[in-house]
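A closer look at the structure
So you can see what is in the structure, the chains are spelled out below.
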Amino acid sequence: MTDRTAIVAGLRRLGEEGRPASEAARWAMREMAETGEDFRVFRLMAHFFSAYHVPVEHLREMERWEGLSTGGGPLTDAELDAIIGPLVVREARPS
């Protein structure tokens, strides 16, 4: 299993457990760091897109989230969770 595949599988598991987006994002960022993947918010958004049914315009809001290791912005965990909404797991990889 590739690192990307493992991260997406882990994100799906968190979504199935009903975890909020901010918690799932922090988990994914730790996994990305542990696997040596350079952190880019775009990569985080791509992992979320592969794992969940979330509109791209909602994912773009991650750039303003205070939880980013890059300094982020003014968006709190609660605000990110509200924008992303419940993590609805994508059953198949998007085409």
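Scroll up to find the structure.
This text gives an overview of the structure that appears in the document. For clarity, every value in this text was computed on a predicted model and none was experimentally measured.

Side note on the overall build of the protein
The number of helices and strands found in the protein is five helices and zero strands. Ordering the α and β elements of the protein from the N terminus gives α-α-α-α-α. Radius of gyration (C-alpha) of the protein: 12 Å, near the 12 Å computed for a compact globule of 95 residues. Considering only C-alpha atoms, the protein reaches an extent of 35 × 30 × 25 Å along its principal axes. Residues counted as buried form 39% of the 95 residues belonging to the protein. Taking all contacts inside the protein whose residues are at least 6 apart in sequence as the whole, residues at least 24 apart take part in 58%.

Describing the nonpolar core
Ranked by size, the top nonpolar core spans 28 residues in total, and within it L11, L44, F48, Y52, M62 and I84 carry the most contacts. At seven residues, helix 2 (residues 21-34) tops the list of elements feeding residues into this core. Sequence-distant contacts of F48, defined by excluding residues within four places in its chain, comprise L11, A21, A24, A25, L59, M62 and L87.

Observations concerning the packing of helix 2 against helix 5 (residues 77-84)
Helix-helix packing: each pair is described by the crossing angle between the helix axes and the interaxial distance. Between helix 2 and helix 5, whose axes approach to 8 Å, the crossing angle comes to 105 degrees. The angle between the axes of helix 2 and helix 5 places the two elements in the roughly perpendicular class. Within the contact between the two elements, helix 2 uses A21, S22 and R26 and helix 5 uses D77, L80, D81 and I84. Of the residues that constitute the contact of helix 2 with helix 5, the class distribution is three nonpolar, one polar and three charged.

Digging into the environment of T76
Among the secondary structure elements, T76 is positioned in the loop between helix 4 (56-59) and helix 5. Residue T76 is classed as partly exposed on the basis of its relative accessible area, which comes to 28%. Linking T76 and R64, residues 12 residues apart in sequence, is a C-alpha distance of 8.8 Å. Residues within four places of T76 in sequence aside, it is in contact with W65 and E66.

Description of the packing of helix 2 against helix 3 (residues 41-51)
At their nearest, the axes of helix 2 and helix 3 sit 11 Å apart, and the two run at 120 degrees to each other. In terms of axis orientation, helix 2 runs oblique to helix 3. Of the two possible hands of crossing, helix 2 and helix 3 adopt the one that is right-handed. Of the residues in helix 3, those in contact with A21, A24, A25, A28, M29 and M32 of helix 2 are R43, L44, H47 and F48. Looking at the contact of helix 2 with helix 3, its residues break down into eight nonpolar, one polar and one charged.

Some remarks on the packing of aromatic side chains
Any aromatic ring pair is given by two values, namely how distant the centres are and how the planes are angled relative to each other. Considering all chains together, one arrives at one aromatic pair under this definition. Taking the centre distance of 5.2 Å and the plane angle of 70 degrees together, the rings of F48 and Y52 count as edge-to-face. Of the two residues, F48 and Y52, both sit in the buried class. The ring of W27 has R13 lying over it, and the distance from NZ or CZ to the ring centre is 6.0 Å.

Analysis parameters
- Residues numbered from 1 in each chain as written.
- Predicted model: local features only at pLDDT ≥ 70, side-chain atom pairs only at ≥ 80, totals over all residues.
- Heavy atoms only, no water.
- Helix = DSSP H or I, 4+ residues; strand = E, 2+ residues; numbered from the N terminus.
- Rg over C-alpha atoms; globule rule 2.2 N^0.38 Å.
- Buried < 20%, exposed > 50% of the residue type's maximum accessible area, 1.4 Å probe, protein only.
- Contact = heavy atoms within 4.5 Å.
- Core = buried A, V, L, I, M, F, W, Y, C linked by side-chain atoms within 4.5 Å.
- Axes fitted to C-alpha atoms, helices over the stretch in contact; angles between N-to-C directions.
- Parallel < 35°, antiparallel > 145°, perpendicular 65-115°, else oblique.
- Nonpolar A, V, L, I, M, F, W, Y, C, P; charged D, E, K, R; others polar.
- Left-handed = near helix turned anticlockwise from the far one by under 90°.
- Phe/Tyr/Trp six-rings, centres within 6.5 Å; stacked < 30°, edge-to-face > 60°.
- Lys NZ or Arg CZ within 6 Å of the ring centre and 35° of its normal.

By themselves these figures say nothing about function.
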